[in-house]
Amino acid sequence: MWPCQHIFRISVETSVKSALEAVGFMGESHVLLVGFEAEGDHQFPICIDPEDGPYTPRELAHVVSQTEETYEQHPDRDMLYSDQRSRHLHPIRLRRRIRSSILEQCLSETPQGRQWEFFAGMPARVEDYEVHVVIGLEKSALTKVPRIKTTERDRISIPPSLVHALITDILSRSTRSLTLPEPGSSLLVLHASTSEILRSATDYFLRSLVYCAGTIFGNDLDLLLNNISSMPYEGRSGQGKIIIAERSMRGLHIVLEFEVPVKLSDVRAVRKILEASGPSGFLLADDGKVYGLGSVGLEYDESSETAFAVTISDRGAWELHHSATILLQVRDGVPRLPAPPLDPAYLEDLIARLLPGANVPVLLSLAYAAQENEHGTMLVISSSADMEAHRLSPQAWVVKPRVIERDLLIQLTAMDGATLVDVHGHCHAMGVILDGHAAGKGDPSRGSRYNNAIRYLDSNPPPAIVIVYSSDGTIDILPRLEPRVRRCDVESAVRRYLDLAASDSMNIREIVKAWDLVKSLRFYLTAEQCEHLNAARQGVEHRNPSQIRIIEPILAPDGAMNDSYWLD
């Protein structure tokens, strides 16, 4: 389509991965360029980059015809506009919007596209082609992202989640970049840093949700909330809640109304009245103004998605939620998806591997209860809890062993230190300060609880699991062991790379994918497998010389690997 198309695609793909990683999206992504011939007589009326798959022009052969069929029957086709320019542009824009939607559908129906959710941007003319940027997100990961159900309100598109807002923003920037001369001739094709993209997407997301709540005054709301949450009041950090909803909304109870509403842009005033927020009444906001105190009652129809709440929890920390669903968390101006909750599957697997014979349901219930603490805590599950309690007794409160209920555990976690239980859920000590020696395995960006747990587990105690609950909502289950895998899967991945590397017709894209898979399994590799793989990779580099080469460390066996990591 044009000389720099592969550089353009790779640059967009890099920006997508960086932005998704920054907000905490846990799935894979990839980017395509799909061009439809607009002028000239070319060998390929449909072009796709990357050219070597996994998608082919043949699979998109009916996109153009389906676009015309859908356009002829579309309810917006005969929409009337008063000005001549809008009348001229309307059918062009509608056709482009329809083609983007059909393109998404066709890609998702291909065998290789069924595991992906596709988002196609509006096309831009590049030489003789109209080019769409398409972003694919791993469907299984996207379904886990918290979202609302509304995707359109008053004919205006609504991003249902922070990830959707992020993708929309990147696609919009990509389309604009395609209209510039020689797109892809510079590496940063979006002309924006990751932080700029995040800020723009967050603003768009909040603006859209505020519109769902019945107001158009949502511009720069993220900046206002950052300023309100960051401002101390008489030395105290802000804590409170702001409900954003129309005054006339059914289910909204106003307990106190100001004669003169306060503009949200008056940060100092809003921060002061935030002190009045509490269970009897939270701040109520509408049309960009705080007008009183109140709450949302049971009469509120959650399916309407017309009321949202902002909870300010600490200095510079706030979150946005609808009903019980947290949609967005922000700390020090950085937006993220909500911190992942306790991972019961990993905890159960860890218990089975380290603490055989343990009472799994009881331990899971204690782990869930402990996460309801308000300031962070630790739960230590030890195979020798009685011995550890007495060994640590100079820095712990030892108790007579007994099963503790949920409410009592929550009460105990109010004390500094960890709660120590055995494999059957009996409590042996509270307020435990874990010991251990620094061995270079901690994380200076994390707090003392996390690093104390790392040091304790690294000091070779009796088999134990430590669950660290941080005040920011993060939950870490330690130790972090590599998952158990099937030996045959590792051998198959190794064999596939070696076969591709030795093939006479080298498919670089498939070789790169096979190498990425091998790297993800490097923990399980034997010394012999590492030797063969390193030699094969060196051979690939010699046969496919390139001006740009990524230098990676050679594969080496991991000393921690043993037979306990095999499923078969």
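Residues numbered from 1 in each chain as written. Predicted model: local features only at pLDDT ≥ 70, side-chain atom pairs only at ≥ 80, totals over all residues. Heavy atoms only, no water.

**Q** Help me out: how do you make sense of the overall build of the protein in this one?
**A** Tallying secondary structure elements over the protein gives 16 helices and 21 strands in all. With 568 residues in all, the protein has 46% of them scored as buried. A separation threshold of at least 6 residues defines the contact pool for the protein, and within that pool the share at least 24 residues apart is 67%. Accessible surface, the protein as shown: approximately 29,600 Å² in total, 52% of it carbon and sulfur. Here the protein contributes 57 positively and 76 negatively charged side chains, and the mean placements of these two sets differ by 2 Å. (Helix = DSSP H or I, 4+ residues; strand = E, 2+ residues; numbered from the N terminus. Buried < 20%, exposed > 50% of the residue type's maximum accessible area, 1.4 Å probe, protein only. Contact = heavy atoms within 4.5 Å. Areas by Shrake-Rupley, 256 points an atom, 1.4 Å probe, with all protein chains shown as cover. Lys, Arg positive; Asp, Glu negative; His and termini not counted. Charge placed at Lys NZ, Arg CZ, Asp CG, Glu CD.)

**Q** It is not clear to me how unusual backbone geometry should be interpreted in this structure. Could you clarify?
**A** The bulk of non-glycine residues show a negative phi, and the bulk of peptide bonds are trans. Pro-50 follows Asp-49 through a cis peptide bond whose omega is 10°. Positionally, Pro-50 belongs in the loop between strand E2 (46-49) and helix H2 (63-73). Residue Pro-479 follows Leu-478 across a cis peptide bond; omega there is 5°. Examined against the element boundaries, Pro-479 turns out to sit in the loop between strand E21 (475-478) and helix H14 (487-502). Although it is not a glycine, His-191 sits at a positive phi angle of roughly 55°. Here His-191 is to be found in the loop between helix H5 (162-178) and helix H6 (194-212). One non-glycine residue, Glu-305, lies in the positive phi region at around 50°. Relative to the helices and strands, Glu-305 is located in the loop between strand E11 (289-296) and strand E12 (308-314).

**Q** What exactly am I supposed to notice about the packing of H14 against helix H16 (residues 527-543) here?
**A** When two helices pack together, their arrangement is given by the angle between their axes and by how far apart the axes lie. Two elements in contact, H14 and H16, have axes whose closest approach is 9 Å; the angle formed by their N-to-C orientations is 30°. Looking at the two axes, H14 sits roughly parallel to H16. Handedness of the H14/H16 crossing: left-handed. Contacts from Val-490, Glu-491, Val-494, Tyr-497, Leu-498, Ala-501 and Ala-502 in H14 reach Gln-529, His-532, Leu-533, Ala-536, Arg-537, Val-540 and Arg-543 in H16. (Axes fitted to C-alpha atoms, helices over the stretch in contact; angles between N-to-C directions. Parallel < 35°, antiparallel > 145°, perpendicular 65-115°, else oblique. Left-handed = near helix turned anticlockwise from the far one by under 90°.)

**Q** Explanation requested: helix H10 (residues 360-370) in the structure shown.
**A** In an α-helix there are 3.6 residues to a turn, and that puts residues three or four apart on one side. Taken together, the buried positions of H10 are Leu-363, Leu-364, Leu-366, Ala-367, Ala-369 and Ala-370. Between the side-chain oxygen of the N-cap and the backbone nitrogen of Val-362 there are 3.3 Å, and the N-cap of H10 in question is Asn-359. (Polar contact = N/O pair within 3.5 Å; in protein donor to acceptor, adjacent residues only side chain to side chain.)

**Q** What is the right way to read the packing of aromatic side chains from this model?
**A** The geometry of an aromatic ring pair comes down to the distance between the two centres and the angle between the two planes. The final tally for this structure, using the stated rule, is 6 aromatic pairs. An aromatic cluster of at least three residues, connected via ring pairs, comprises Phe-523, Tyr-524, Tyr-565 and Trp-566. Above the plane of the ring of Tyr-71 lies Arg-95, whose end atom (NZ or CZ) is 3.9 Å from the centre. A cation sits over an aromatic face here: Lys-241 above Phe-282, 4.5 Å from the ring centre. (Phe/Tyr/Trp six-rings, centres within 6.5 Å; stacked < 30°, edge-to-face > 60°. Lys NZ or Arg CZ within 6 Å of the ring centre and 35° of its normal.)

**Q** Which parts of the structure should I look at to understand the sheet that holds strand E10 (residues 282-286)?
**A** Two strands in a sheet stick together by hydrogen bonds in their backbones, pointing the same way (parallel) or opposite ways (antiparallel). Pairing is mixed across the open sheet formed by 8 strands, whose spatial order is E9-E11-E10-E8-E12-E13-E14-E15. The open sheet terminates on both sides in strands that have one partner only, identified here as strand E9 (252-263) and strand E15 (334-336). Each neighbouring strand pair of the sheet contributes to a mean axis angle of 25°, computed without reference to strand direction. As defined by bridge partners, strand E13 (residues 317-322) adjoins strand E14 (residues 325-331) across 6 bridges and the pair is classed as antiparallel. Across the sheet, residue Ala-317 finds its bridge partner in E14, namely Arg-331. Relative to the sheet, H6 contacts strand E8 (240-244), E12, E13, E14 and E15, its axis offset from that of E14 by approximately 140°. (Pairing = 2+ DSSP bridges.)

**Q** Quick question: what am I supposed to make of H5 here?
**A** Over its 17 residues, H5 runs 24 Å from end to end, which matches the ideal 24 Å to within 8%, given 1.5 Å per residue. In terms of burial, H5 is a largely internal element, 14 of the 17 residues being buried. (Expected span 1.5 Å × (residues − 1).)

**Q** Is there a simple way to think about the side chain of Ser-382 in this case?
**A** Relative to the helices and strands, Ser-382 is located in strand E16 (residues 377-382). A distance of 3.1 Å separates the side chain of Ser-382 from the backbone nitrogen of Ser-384, its partner in a polar contact. Beyond its immediate chain neighbours, meaning those up to four positions away, Ser-382 contacts Glu-388, Leu-420, Val-421, Asp-422, Val-423, Pro-463 and Ala-464.

**Q** Just checking my understanding: could you explain the sheet that holds strand E18 (residues 418-421) for this structure?
**A** The strand order across the open sheet formed by 6 strands is E17-E19-E18-E16-E20-E21, and the pairing between neighbours is mixed. Looking along the sheet, the strands with just one partner apiece sit at the ends: strand E17 (397-403) and E21. Taken pair by pair, the neighbouring strands of this sheet meet at an average axis angle of 20°, ignoring direction. With 4 bridges joining them, E16 and E18 adopt parallel strand pairing. Opposite Leu-379, over in E18, you have Thr-419 as the bridge partner. Most of the contacts of helix H9 (residues 344-354) go to strand E20 (residues 464-469), to which it runs at about 155°, and overall it touches E20 and E21. The sheet contacts of H10 involve E16, E18 and E20, and relative to E16 the element is tilted by about 165°.

Structural measurements only, silent on function.
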